[in-house]
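# Working through the structure, step by step
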Amino acid sequence: MTDRNVPAGIPNDTISAQIVAIAATRDMASFEALFREFGPRIRAYLLKLTRDGQAAEDLMQETMLAVWRKAGQFDPTRGQASAWIFTIARNTWIDAWRKQKRPALDPDDPALVPAAEADAPTLLELKQRGAALHEALKALPEEQVELIRLSFFDEASHSTIAARLGLPIGTVKSRIRLAFGRLRAALEEKK
Amino acid sequence: MTIRHHLNDDLLIDYAAGTLSEGWSLAVACHLAMCPQCRDQLALAEAMGGALLEDLAPVAGPDDSWETLKTRLANASEEPAKPVLRPARATLPEPLRSYLGGDIESLKWRNLGNAKQILIKTGDDTTQARLLRIAAGKPVPEHSHGGRELTVVLTGSFHDAVDSFGPGDIEDADGSLTHQPIADEDQDCICLAITDAPLKFSSRLLRMVQPLLGI
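To start, this report covers the structure provided alongside it.

Reading the values: the criteria
- Residues numbered from 1 in each chain as written.
- Chains lettered and ligands numbered in written order.
- Predicted model: local features only at pLDDT ≥ 70, side-chain atom pairs only at ≥ 80, totals over all residues.
- Heavy atoms only, no water.
- Helix = DSSP H or I, 4+ residues; strand = E, 2+ residues; numbered from the N terminus.
- Expected span 1.5 Å × (residues − 1).
- Buried < 20%, exposed > 50% of the residue type's maximum accessible area, 1.4 Å probe, protein only.
- Contact = heavy atoms within 4.5 Å.
- Polar contact = N/O pair within 3.5 Å; in protein donor to acceptor, adjacent residues only side chain to side chain.
- Buried area = accessible area lost by both parts, 1.4 Å probe.
- Salt bridge = Lys/Arg side-chain N within 4 Å of Asp/Glu carboxyl O.
- Pairing = 2+ DSSP bridges.

We now examine helix 3 (residues 53-70) of chain A. In a regular helix each residue adds 1.5 Å, so 18 residues correspond to 26 Å; helix 3 of chain A covers 25 Å between its end C-alpha atoms and thus fits that length. Regarding helix 3 of chain A, the residues found buried are A55, A56, E57, L59, M60, Q61, T63, M64, L65, A66, V67 and W68 of chain A. Each element contacted by the buried residues of helix 3 of chain A is listed here: helix 1 (12-25), helix 2 (28-50) and helix 4 (81-97) of chain A together with helix 4 (65-75) of chain B. The distance from a side-chain oxygen at the start of helix 3 of chain A to the backbone nitrogen of Q54 of chain A is 3.1 Å, and the residue carrying that oxygen is D52 of chain A.

Okay, structure coming up:
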């Protein structure tokens, strides 16, 4: 396996604690630490999507303001901090840049079908999940990682991506499915 | 409720990435509201987005980026979130009720032979969203799809020659499928259908009146 120089990732525990502190006490020191750590990466993400440095800066600031406002909605027992921040940056991009609505379910909707206890997947402990995900990403063949990255960091549809890479659309879709399947397997508890 | 037809990975990842347009996303969100299993898959896809975000090489911004953010924060008013009013019971899931302006009993259907429909307005001009009510035991006229059609069953069930679909099931049909869905006998079948091209009916008469019916 070739070393693709993937950084080890950011300790999600620290980030989680910062978000909790922002929610609890409006702690400015935690907010600044979070900004120093994640701001430049959120900017990088939005720069990929918009290809516009000023827009990326503005949208990063909007994202950080939303993180401040919504910190109380983050539940550190349910998910990774980086995943939560990703969804806020993504929603900011859809809303402010693409000017579209993103239909989403309401978790407190009376019509929502709740999970049966027995259906709960046997996933790794939250703490181990981040590391397992990074390891699995590193272990994927480059051709699959590239398509996963393009899916998240490029607005183009799968058929446009396929045309750009000179690949049949079926190949693009099957590589994405394969990659997603491997990441899913990496998070399921090994028995 | 046992859901047999789930979101495929392409839809799931495009919805997680935020690149799926509003019309298709409406169908995905309705399926998610009815399918805990796919909600777990979405959480996984979003965790992947988070991991990819962590792995991005940082991009430096203007020197005064933090100062600007602090100023904006100081000037932003902390308006309390508006409380969301929810009914005690609901048949149709969110976000669909908000799009329709109400639940099942408040809807104004338009007749369409064996079926009734309501066109749903979205901000997405690349797709058409509609609610369909197929009378119990009756077929929808045989048709193929000029493009893609996503169908989510909300109440009741339907079957065609190949398969059957119950509450929460999502069908992803492409241009190659010609089918005649038939609602099951026990009750009307209500589903949400999203299309990106007009349906192609096998009957010439229906093709002629299609523009008048707005389908």
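Frequently, the measure chosen for interface size is the accessible area removed from exposure when the parts meet. With 71 residues of chain A at the contact, the number on the chain B side is 62 residues. Overall, the association of chain A and chain B removes approximately 6,000 Å² of surface from exposure, summing both partners, and the carbon and sulfur fraction of that is 65%. Sorting the residues of chain A by area buried against chain B places P103, F152 and F180 of chain A first, and these three jointly supply 11% of that buried surface. Counting the contacts that link chain A with chain B gives eight salt bridges.

A separate point is the pattern of salt bridges. Side chains that differ in charge, positive against negative, can pair when their charged atoms come close. By the definition in use, this model includes 21 salt bridges over all chains. When the shortest N-O distance is used, the salt bridge between E142 of chain A and R149 of chain A registers 3.8 Å. Judged by relative accessible area, E142 of chain A falls into the partly exposed class, the value being 35%. For R149 of chain A, a relative accessible area of 31% gives the class partly exposed. With a closest N to O distance of 2.9 Å, D188 of chain B and R133 of chain B form a salt bridge.

With that settled, consider the sheet that holds strand 4 (residues 143-145) of chain B. All names here are of chain B. Spatial strand order, 9-4-12: three strands in an open sheet with antiparallel pairing. With one partner strand each, in any of the chains shown, strand 9 (178-179) and strand 12 (199-201) form the two edges of the open sheet. The pairing of strand 4 with strand 9 spans two bridges and is classified as antiparallel. Bridge pairing in strand 9 places H143 opposite H179.

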